[in-house]
Amino acid sequence: MSKTKILIIDDEVEFASTLCQRLRLRGLDASDVHSGSEGLVQAVAEQPEVVILDLKMPDVNGLDILTEIKTQAPRVEVIMLTGHGSSASGIKAMEQGAFDYIIKPVDLGELMKKITQAAEQRG
Amino acid sequence: MTNEPEREETLRTMQLESFGRIMAGFSHEMKNHLSIIRESNGLIADILEFQGIHGEEVTVARLTKAVNSVERRVAIAAEMLHHLSGFAHRTDTVYASFNLNELLAEECVFLERFSRLKRVEFTLVPDQGLLPLYNNPALLQHLVYRLYMFCLEHAQAGGRIELKTSQQNKLAVLSFLVPGVSLATGEGKPSSGALSAALDLLGASLRPKQGAGAGVSLTLSLPSLTPKEAAG
């Protein structure tokens, strides 16, 4: 059985690479990129099962990247990472096509659950 | 031409908005740092669990204990930052729709510290059946802070303050209770012109009550405004 392919798009290099290592230790085929534009290119080219996408990045708005991914690669499920205090930004992302959202700092158990659900939904 | 009090009010509103945005930015930054700490700590935990380390059992136990301690503190700090971020965003718009229990929960996380320092127990008892409100959330949090401070000032060390919410017809009701406290005549409620102005803007009323042995209570009744009332 092939490993679930995950792409992490977050400008915080230390965060993204450490999360990536932890997902690999759990048997996922995870990789990370550190800019929104690079992330979009890779998401469309590689078509991972799940993208974990930061909402706020310096080069682009995460919601714009989400829209582009869902337009160019509709089968890719996206889980948004948000640092907002309220759930409003996460709900807005879901209205724009995100599978779900998770609040920073990430609870890995919760993230793993959402990844499994997203991969199952994709079929 | 704008008169002096109006200019001052506009300036204060702008200051509050700037302060809120800076505080929101600060909490976002702190969440990023906290995220890195949590993931790095988690990676150490993973290495201990998945790969193990060659060393004395006692060393592994000490490392595991330290990792768990960091995770516990990260979880507490994350929850506080989550509330701080919500608190900071309350000034984004003057009037907004909000859930009173959520608004109080995010403020009480910080108020609890003042109670702890005075060795007073502070509990929030939310009524889960509250209707959503349309009003001025930042102003309400300011008023809650003032009322809480009044209660804390009169509470005795070892005593308690209870903050309850309830729904009475169309009004949301917020009651502070300080049991076992009696006050001198005229001391039964906080008084200042600014407090009255806050009550007016919120369309709220404040009812103080004290009785022998029953302690002191402050009951705030708060309406949900229509956009027209908010603008007026």
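Thresholds, definitions, all that
- Residues numbered from 1 in each chain as written.
- Chains lettered and ligands numbered in written order.
- Predicted model: local features only at pLDDT ≥ 70, side-chain atom pairs only at ≥ 80, totals over all residues.
- Heavy atoms only, no water.
- pLDDT = per-residue confidence, 0-100.
- Domains from an automatic or database assignment.
- Contact = heavy atoms within 4.5 Å.
- Buried area = accessible area lost by both parts, 1.4 Å probe.
- Salt bridge = Lys/Arg side-chain N within 4 Å of Asp/Glu carboxyl O.
- Polar contact = N/O pair within 3.5 Å; in protein donor to acceptor, adjacent residues only side chain to side chain.
- Nonpolar A, V, L, I, M, F, W, Y, C, P; charged D, E, K, R; others polar.

### Topic: the confidence of the model for chain B
Here's step 1: Mean pLDDT for chain B: 88, with 94% of residues reaching 70 or above.
Here's step 2: Scored as a whole, the predicted complex attains pTM 0.76, and scored at its interfaces, ipTM 0.85.

### Re the domain arrangement of chain B
All names here are of chain B.
Here's step 1: Each assigned domain of chain B is listed with its residue range as follows: domain 1 (4–89) and domain 2 (96–231).
Here's step 2: Using only C-alpha atoms to locate each centre, domain 1 and domain 2 end up separated by 29 Å.
Here's step 3: Contacts between the two partners involve five residues from domain 1 and, on the opposite side, six residues from domain 2.
Here's step 4: For the pairing of domain 1 and domain 2, the buried interface totals around 580 Å² over both sides, and the portion due to carbon and sulfur atoms is 78%.
Here's step 5: Interface area lost by domain 1 to domain 2 is led by Met80, His83 and Phe87, which between them contribute 78%.
Here's step 6: For the interface between domain 1 and domain 2, the tally reads zero salt bridges.
Here's step 7: The interface formed by domain 1 and domain 2 contains zero residue pairs in polar contact (both at pLDDT 80 or more).
Here's step 8: Of the residues that constitute the side of domain 1 that touches domain 2, the class distribution is three nonpolar, two polar and no charged.

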